[in-house]
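# Understanding the architecture of this molecule
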Amino acid sequence: MDRTLDYLVRALERTKSCVVVMKYTKDEPVTRTKLDFISDNVKQLGMNLASLQGGFRLPKDYIHPEDREGFIDAVSMAAETKTNFTYRVRLVGDDGVIRNVDVSSEYIDYDGDYYLIEYVFQEVVQQNAVGTDTANRGTESLGRLITKDVFKEEELAELFGFFANAYGLYSTVVDQDGHALLPPVGPEAYLGHYYDMFERPGNRELFDSIKRSAMMQDAAVYMELPDGNPDSRVSAVPLMVSGVYLATWMLCSHDKSQTAALRIASREQYRLAEVVSGFIQKSVLAGKRSKREKEIEQKLEFEIHQKKVLAELQDLIRTEDPEHLKKIIQCASDVLDVDYAFLMQKDLKRGGREDVRVSWSVSGGLPPEWNHTSFSEEQRKVISSEGYVADQRTMTNQLRVTMFQGIARAAMIMPVPVDGELIGRVVFMETRKERVWTDSEVHFARLIGRMLGETIEYMEGLGARRSTGRELLDIFHQLTINVFFKEDETGKVLFANEALNRRLGMDFKGQDSRKLIPDGREEYESYPGTLREDALPPAGIRKWRRYINELGGIYDVTEIPLEWIDGRKATAVLLRIAQD
């Protein structure tokens, strides 16, 4: 038995896994828990076995504070629904190392008062965004480039001073730490008091608050100053370059007349600050490319690559090889840099149930079990039309757990349409790192959904029928008589030839056919000059004569029932001017 246990421990260590079983009290919050079992190899994840076994700590205490609340929410949902899940968290070990760990749970019904949940902690390697630390260091150094000398050399101090004097206000510029970069200037009455403001350590919190507020809105921050003077006010705007905060320009008033002037000046202060920021960027930071320029360049590079891939995939659409569906998904996944992608398609023989038809993953494994039934009706409508996008800004714990077993960091779910009908969905999912989808990535994923729909259409023979139908419609365009096709169920015009469109002076397609020929054909079957018995049409084809207001004449109307290109029941209507 000891030998078997030793084998199990070594197997767990090789997979960088450990087992934890927690005991929960029924009808109590999941925070009411205690350790029931833990494998001895938890030290490999930075946990202290003795501390856990002694009840001094719980495994959840090792979860990073930013991930802990979401994990507890996931446990609560699993306990309520008695379901299993997998959730990715960061563990902060006693050794100071942060590890990325997948926690897989299994609900075990224990007895009437308690239940157990078994957790398997498995360490995973997370792919971090390239250059993040470098970018942060660059941002910090960029902000520190703005010094007192910059304002003096570029005569910006005089510019701010002239603006403040024009309104009779007090002005200064403070750096990231709230220290004055420019000597405070303004009327003599309160200048000493104003100057002292920037020498008081207690004002650091005030300046931090002003800085945060100024960076969060596209207008000057206007607020009271807590200096004991009921008339003291401040208007502050940030000086920023490439999205990096450099300094804060503050205008202040200390009596009622100055406050009235400050309200007017603050409206122009933000615009002047933008001009100064642009000047700093061009003259002082000429060697630094703006963040926006980099984003535009990256976007263009991505879109060029995306168009190249789409062009290469076009040749796969008109084929019947099912492997081409997987190739499209794999190529799209490479472009989007995701680790899972799969195509869900409706099975009409099983009541429209959606099953995985094609899947791909960077590791070669199967995608997580996907539960789309948790979508609301509103979300389903969005998926059917535009697709659903979840990332660092919008991904919720409930969505992550109920749909993606807790491992998704970001996902895009795009419709796969055939002739306007939703036949399935393509899902792109990222589990390795947090990310925010760009507009270009969302657009590309949406195009892939359409491309998969076209591929499926041709694979199932629908493409051939559409091609034949289009050839027939081209023939109808060449006819001189007036022709339109209407959908039987709604009366909507599906096609109108050029001759009819010219007569009506508009494109009749998409209109209600009853505008041209109202319902109630039987009223006109006795119209003078109706068809003779020997001229009756073949069975199934209807023919009669009537006056059509919009065309200003009596017409022979022929209705031919048929099946539209996509299989809908329709009717072809031919209109010939009556000759007798």
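What counts and what doesn't
Residues numbered from 1 in each chain as written. Predicted model: local features only at pLDDT ≥ 70, side-chain atom pairs only at ≥ 80, totals over all residues. Heavy atoms only, no water. Helix = DSSP H or I, 4+ residues; strand = E, 2+ residues; numbered from the N terminus. Buried < 20%, exposed > 50% of the residue type's maximum accessible area, 1.4 Å probe, protein only. Contact = heavy atoms within 4.5 Å. Areas by Shrake-Rupley, 256 points an atom, 1.4 Å probe, with all protein chains shown as cover. Pairing = 2+ DSSP bridges. Axes fitted to C-alpha atoms, helices over the stretch in contact; angles between N-to-C directions. Salt bridge = Lys/Arg side-chain N within 4 Å of Asp/Glu carboxyl O. Expected span 1.5 Å × (residues − 1). Core = buried A, V, L, I, M, F, W, Y, C linked by side-chain atoms within 4.5 Å. Phe/Tyr/Trp six-rings, centres within 6.5 Å; stacked < 30°, edge-to-face > 60°. pLDDT = per-residue confidence, 0-100. Polar contact = N/O pair within 3.5 Å; in protein donor to acceptor, adjacent residues only side chain to side chain.

## Some words on the overall build of the chain
If you tally the helices and strands in the chain, you get 16 helices and 19 strands. Here the chain holds 580 residues, and 43% of them are scored as buried. Here the contacts in the chain between residues at least 6 apart in sequence split such that 55% fall between residues at least 24 apart. Total accessible area computed for the chain in this model is approximately 31600 Å², and 49% of it derives from carbon and sulfur atoms.

## A closer look at the sheet that holds strand E15 (residues 482-487)
Ordered by their spatial adjacency, 5 strands build an open sheet running E16-E15-E19-E18-E17, and the pairing between neighbours is antiparallel. Each having just a single partner strand, strand E16 (493-496) and strand E17 (542-548) make up the two edges of the open sheet. Mean inter-strand twist for the sheet, computed between neighbouring axes without regard to direction, equals 25°. In terms of strand pairing, strand E18 (residues 553-563) meets strand E19 (residues 569-577) through 9 bridges, oriented antiparallel. Bridge pairing in E19 links Val557 to Leu575.

## Observations concerning the sheet that holds strand E4 (residues 98-109)
Sheet architecture is open: 5 strands sit in the order E2-E1-E5-E4-E3, paired in antiparallel fashion. Sheet topology places strand E2 (33-38) and strand E3 (85-92) at the edges, where each strand pairs with a single neighbour. Averaged over all neighbouring strand pairs, the angle between strand axes comes to 30°, with direction disregarded. Two elements, strand E1 (residues 17-25) and E2, share 5 bridges in a ladder whose sense is antiparallel. Bridge assignment links Lys23 to a residue of E2, and that residue is Lys34. Those strands touched by helix H3 (residues 65-81) are E1, E3, E4 and strand E5 (114-124), and its axis lies near 155° from that of E3.

## A closer look at the pattern of salt bridges
Pairing between side chains of opposite charge can happen when their charged atoms approach one another. This structure, assessed with the given rule, holds 16 salt bridges. Note that Glu224 and Arg233 form a salt bridge whose closest N and O atoms lie 4.0 Å from each other. By relative accessible area, which is 16% here, Arg233 ends up buried. Residue Arg435 is joined to Glu430 by a salt bridge in which the shortest nitrogen-to-oxygen separation is 3.6 Å. By relative accessible area, which is 11% here, Arg435 ends up buried. Several salt bridges converge on common partners, so that one network encompasses Asp337, Glu430, Lys433, Arg435 and Glu441.

## A look at unusual backbone geometry
Residue Asp337 is not a glycine yet carries a positive backbone phi of 55°. Judged by its relative accessible area of 33%, Asp337 falls in the partly exposed class.

## Things to note about helix H6 (residues 156-167)
With 12 residues, H6 extends 17 Å between its outermost C-alpha atoms, agreeing within 8% with the 16 Å of an ideal straight helix rising 1.5 Å per residue. The first or second residue beyond H6 is Gly168, which carries a positive phi of 70°.

## Let's talk about the nonpolar core
Within the largest apolar cluster, 32 residues are counted, with the highest numbers of intra-cluster contacts made by Leu336, Leu343, Phe428, Phe444, Ile448 and Leu452. Broken down by secondary-structure element, the contributors of at least two residues to this core are helix H10 (291-317), helix H11 (323-336), strand E10 (340-347), strand E11 (353-361), strand E13 (410-418), strand E14 (421-430) and helix H14 (439-459). Here the element with the most residues in this core is H14; it accounts for 8 residues. The contact partners of Leu452, leaving out residues within four places of it in the chain, are Leu325, Ile328, Ile329, Leu343, Val416 and Val426. Among the nonpolar cores identified, the runner-up in size contains 29 residues, and Val30, Ile38, Ile63 and Val401 belong to it.

## Remarks on the environment of Met429
Tracing the chain through its elements places Met429 in strand E14. Met429 sits in the buried class, given a relative accessible area of 0%. On a C-alpha basis, the gap between Met429 and Leu336 in space is 9.6 Å, while along the polypeptide they are 93 residues apart.

## A short note on the packing of aromatic side chains
With the rule as written, the count across this model stands at 9 aromatic pairs. Ring centres 5.3 Å apart and planes at 15° place the aromatic pair Tyr24 and Tyr115 in the stacked group. Pair noted here: Tyr24 is in strand E1 and Tyr115 is in strand E5, with a separation of 91 residues, a long-range link. Of the aromatic side chains, those joined through ring pairs into one cluster are Phe160, Phe163, Tyr167 and Trp249.

## Details of the confidence of the model for the chain
Model confidence for the chain is summarised by a mean pLDDT of 76, while 71% of its residues fall at 70 or above. Across residues 126-144, confidence stays below pLDDT 50; counting only partners more than four residues off in sequence or on other chains, it has 20 contacts. Here residues 522-537 scores under 50 on pLDDT; set against residues more than four positions off or in separate chains, the count is 15 contacts.

## Observations regarding the side chain of Thr431
Examined against the element boundaries, Thr431 turns out to sit in the loop between E14 and H14. When its relative accessible area of 3% is taken as the criterion, Thr431 is described as buried. Among the polar contacts listed, one links the side chain of Thr431 to the side chain of Asp339, at a separation of 2.4 Å. Contact partners of Thr431, with chain neighbours within four places excluded, come to Arg88, Asp339, Tyr340, Ile407, Ala408 and Arg409.

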